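Take a look at the letters that make up each chain.
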Amino acid sequence: MRRKPVVRAGLSALLVLGALSGAGGAFSTAAAASGADRSEAKPAAAAAPSAALVRAVGQDLGLTADQARTRLSQEAAAMKLEPKAKRAAGTSYGGSWFDADSGKLVVGVTSADRAASVRATGATTRIVRHSADALDEAKARIDEKAEKKAAPAGVSSWSVDPRAGGVVVRVRSGHEADADVRAFLTDAERSASVPVTVEKAPAQAPTTFAAGTVGGDPYYTGNVRCSIGFSVQGGFVTAGHCGQKGASVSGWDGSYIGNFQGSSFPGNDYAYVNVGSGWWTVPVVLGWGTVSDALVRGSAEAPIGASICRSGSTTHWHCGTVLAKNETVNYSQGAVYQMTKTSVCAEGGDSGGSFISGDQAQGVTSGGWGNCTSGGETWYQPVNEILSVYGLKLHTA
């Protein structure tokens with residue numbers, strides 16, 4: 001099949017065919033020889049953001065170059081601080097988020113006695129009524145009911161919101177008066193021990209972002225085209241809805257890469273593909289010419305409110321912010337739990353692609369609504385859960 005040069009160059013930066021030559025192949029050979037496969041939850045010292053990344057974040061978030069550069073620096077500090085602040089809060093921890101106005105990490109605490117310890121780490125505190133554990137338990141009760149009886153199609157998603165101190169249920173526009181939606185909301189309020197609020201979601205139902213075969217894109221399974229997520233030792237991670245366990249995977253040139261070694265969807269949306277037959281992995285996320293290809297140095301989790309960028313084979317590189325965590329998404333195929341929601345757009349074929357914040361891997365693209373012309377929202381499956389489930393090591397630089 002005929003291939004576009006940009007696709008060949010792009011894929012060589014993520015998952016490289018041994019026969020390729022040039023800058024991408026040379027980099028990959030050096031990376032493979034270094035034995036750099038390792039998993040690090042803690043970030044290494046972050047390099048200064050490139051001018052291209054500053055431009056991309058500034059454009060998508062409506063910031064000047066100076067504002068984008070400052071924000072990226074503040075977010076990197078908040079990401080590094082969050083685990084320390086959470087430990088200081090102990091059982092009083094009520095969740096955390098990045099406040100763009102102050103440039104600080106905000107940590108909710110249920111006890112004023114713990115606030116001073118948290119502030120000593122450099123974070124700002126807010127007294128909240130419910131702990132993060134209590135919020136998660138309340139949402140879990142709604143999840144359990146949805147597992148027994150599928151949530152109505154008029155319900156888009158639901159998640160914990162540490163800033164509001166409760167659970168938020170999002171109802172698709174035009175479905176507010178549906179009898180099954182109203183029954184779902186009543187049941188959710190009865191089962192949760194924390195406040196349950198309702199937000200209006202777009203009329204469009206959330207969908208996954210797989211697509212039919214299009215020549216020249218990163219990988220195929222059957223007649224489905226998806227995007228590579230992150231390189232791990234021996235393969236890569238991607239979205240579960242892209243292929244079932246055992247399914248064969250081919251690359252942009254049609255040659256065999258490997259097979260889905262594990263896949264889970266719905267309930268989860270993650271998968272692991274092994275790599276062989278002359279292919280190997282590198283710790284890189286494609287910038288698609290919008291930004292320089294990004295080195296992956298770890299998988300420290302970005303807080304709510306932080307900026308985040310996505311790389312995918314259809315719409316390439318786009319940025320936005322983290323909107324919510326631990327969100328249940330009500331796809332037509334079934335609910336998927338513990339997802340992270342972002343304001344980043346995506347389209348068909350972007351499924352499985354990389355979400356990254358700075359140089360830290362965040363997750364693989366699952367689905368959403370909208371597009372990259374008029375805008376939308378996208379969910380991702382957090383990468384640390386995937387690594388844990390399959391016992392994988394993230395390939396880092």
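Shown above is the structure to which this text applies.
My aim in this report is to walk through the structure given alongside it, one point at a time. Please read all numbers here as calculations on a predicted model, not as lab measurements. In this numbering scheme, every chain counts its residues from 1 along its sequence in written order. Local features in this predicted model are restricted to residues whose pLDDT is 70 or higher, and side-chain atom pairs enter the listing and the counts only when it is 80 or higher, whereas totals over whole chains, interfaces and linings include all residues. Only heavy atoms go into the side-chain values, all of them from the structure, while hydrogens and water stay out.

**Here's the deal with the overall build of the protein chain**
Our working definition: Put simply, DSSP H or I for four residues or longer makes a helix, DSSP E for two residues or longer makes a strand, and each gets a number counted from the N terminus. Contacts between residues were defined by any pair of non-hydrogen atoms, one from each residue, lying within 4.5 Å. For the area figures, the Shrake-Rupley method with a 1.4 Å probe applies, and any residue is considered shielded solely by the protein chains shown.
Counting its regular elements, the protein chain contains 8 helices and 25 strands. Here the analysis covers contacts within the protein chain between residues at least 6 apart in sequence; of these, 65% occur between residues at least 24 apart. Carbon and sulfur atoms make up 49% of the accessible area of the protein chain, which amounts to about 16,000 Å² in all.

**Examining the state of the cysteines**
Such a bond, covalent and formed between the sulfur atoms of two cysteines, is termed a disulfide. Heads up, the condition is: Any two cysteine sulfur atoms lying within 2.5 Å of each other are counted as a disulfide. We call a residue buried when its accessible area falls under 20% of the maximum for its residue type, exposed when it is over 50%, and partly exposed in between, using a 1.4 Å probe and counting protein chains only.
In total, this model carries 3 disulfides according to the counting rule given. Here C345 is linked by a disulfide to C372, with a sulfur-sulfur distance of 2.1 Å. Note on the C345 and C372 pair: the S-S dihedral is about 100°, so by sign convention the disulfide is right-handed. Taken as a pair, C345 in the loop between β22 (334-342) and β23 (354-357) and C372 in the loop between β24 (360-371) and β25 (375-382) lie far apart in primary sequence, 27 residues in all. Under the relative-accessibility criterion, C372 is labelled partly exposed at 22%. In the protein chain, the bonded cysteines, numbered by position in the sequence, are linked as 1-2, 3-4, 5-6.

**Brief notes about helix α3 (residues 51-61)**
Of all the residues in α3, the buried ones are A52, L53, V54, A56, V57 and G58. On its buried face, α3 is in contact with α4 (65-89), β20 (307-312) and β21 (316-331).

**With respect to the packing of aromatic side chains**
Keep this limit in mind: Two rings belonging to Phe, Tyr or Trp (six-membered ring only in the last case) form a pair when the distance between their centres is within 6.5 Å. Interplanar angles under 30 degrees mark stacking, angles over 60 mark edge-to-face geometry, and anything in between is tilted.
Summed over the entire model, instances satisfying the criterion amount to 6 aromatic pairs. Within the aromatic cluster, the residues linked to one another by ring pairs are Y270, Y272 and Y390.

**Considering the nonpolar core**
As a reminder of what qualifies: Throughout this description, the term nonpolar core refers to a set of buried Ala, Val, Leu, Ile, Met, Phe, Trp, Tyr and Cys residues connected via side-chain atoms within 4.5 Å.
Of all hydrophobic cores here, the largest spans 27 residues; its most connected members are L53, V57, F230, V237, V285, V296 and W317. Of all elements in the fold, only α3, α4, β12 (230-232), β16 (270-274), β21, β24 and α8 (383-390) reach the threshold of two or more residues within this core. In terms of residue count, α3 provides more of this core than any other element does, 5 residues in total.

**A closer look at the environment of V344**
Mapped onto the elements of the fold, V344 is located in the loop between β22 and β23. With a relative accessible area of 0%, V344 lands in the buried category. Considered as a pair, V344 and R310 are 34 residues apart in the sequence and their alpha carbons are 7.2 Å apart. Residues in contact with V344, not counting those within four places in the same chain, are I308, R310, H318, C319, G320, F355, G376, E377 and T378.

**So, unusual backbone geometry**
Put simply, F265 and P266 share a cis peptide bond, and its omega is -10°. Structurally, the position occupied by P266 is in the loop between β15 (256-264) and β16. Phi angles above zero are rare outside glycine, and N326 is one such case at about 50°. Along the chain, N326 turns up in strand β21. N326 sits in the buried class, given a relative accessible area of 17%.

**Some words on the side chain of R170**
Defined as follows: Within 3.5 Å is the distance limit for a polar contact, defined as a pair of N or O atoms, with the added protein rule that one can donate a hydrogen and the other accept it, and that residues adjacent in sequence qualify only through two side-chain atoms.
Looking at the secondary structure, you find R170 in strand β6 (residues 166-172). By relative accessible area, R170 is classed as buried at 8%. A distance of 2.8 Å separates the side chain of R170 from the side chain of E327, its partner in a polar contact. What R170 contacts, discounting residues up to four positions off in sequence, is V155, S156, S157, W158, S159, E199, A201, A324, E327 and K341.

**Looking at the packing of helix α6 (residues 132-148) against helix α7 (residues 179-191)**
Threshold: Axis lines are fitted through C-alpha atoms, for helices just across the contact stretch, and the angle between N-to-C directions can take any value from 0 to 180 degrees. By definition in this entry, angles of less than 35 degrees are roughly parallel, angles greater than 145 are roughly antiparallel, angles of 65 to 115 are roughly perpendicular, and the rest are oblique. What makes a crossing left-handed is the near helix being turned counterclockwise from the far one by less than a right angle; a clockwise turn instead makes it right-handed. Amino acids are sorted into nonpolar (Ala, Val, Leu, Ile, Met, Phe, Trp, Tyr, Cys and Pro), charged (Asp, Glu, Lys and Arg) and polar (every other residue, Gly among them).
Where α6 contacts α7, the two axes come as close as 9 Å, and the packing angle between them is 135°. When the axis of α6 is compared with that of α7, the two are oblique. Where α6 crosses over α7, the two elements pack in a sense that is right-handed. Contacts from R141, I142 and K145 in α6 reach F184, D187, A188 and S191 in α7. Of the residues contributing to the contact of α6 with α7, the split by class is 3 nonpolar, 1 polar and 3 charged.

**Examining the sheet that holds strand β3 (residues 104-109)**
Heads up, the condition is: Two strands form a pair only when DSSP identifies at least two bridges running between them.
If you walk across this open sheet you meet the 3 strands as β2-β3-β4, and the pairing is mixed. Looking at strand neighbours, the two that pair on one side only are β2 (93-99) and β4 (124-127), the edges of this open sheet. Strand-to-strand twist in this sheet, taken as the mean axis angle between neighbours without regard to direction, amounts to 25°. Pairing geometry for β2 and β3, over 5 bridges, is antiparallel. Pairing of S96 across the sheet is with V107, part of β3. Sitting on the sheet, α4 touches β2 and β3, and the angle it makes with β2 is about 170°. Running over the sheet, helix α5 (residues 112-119) touches β3 and β4 and is turned about 165° from β4.

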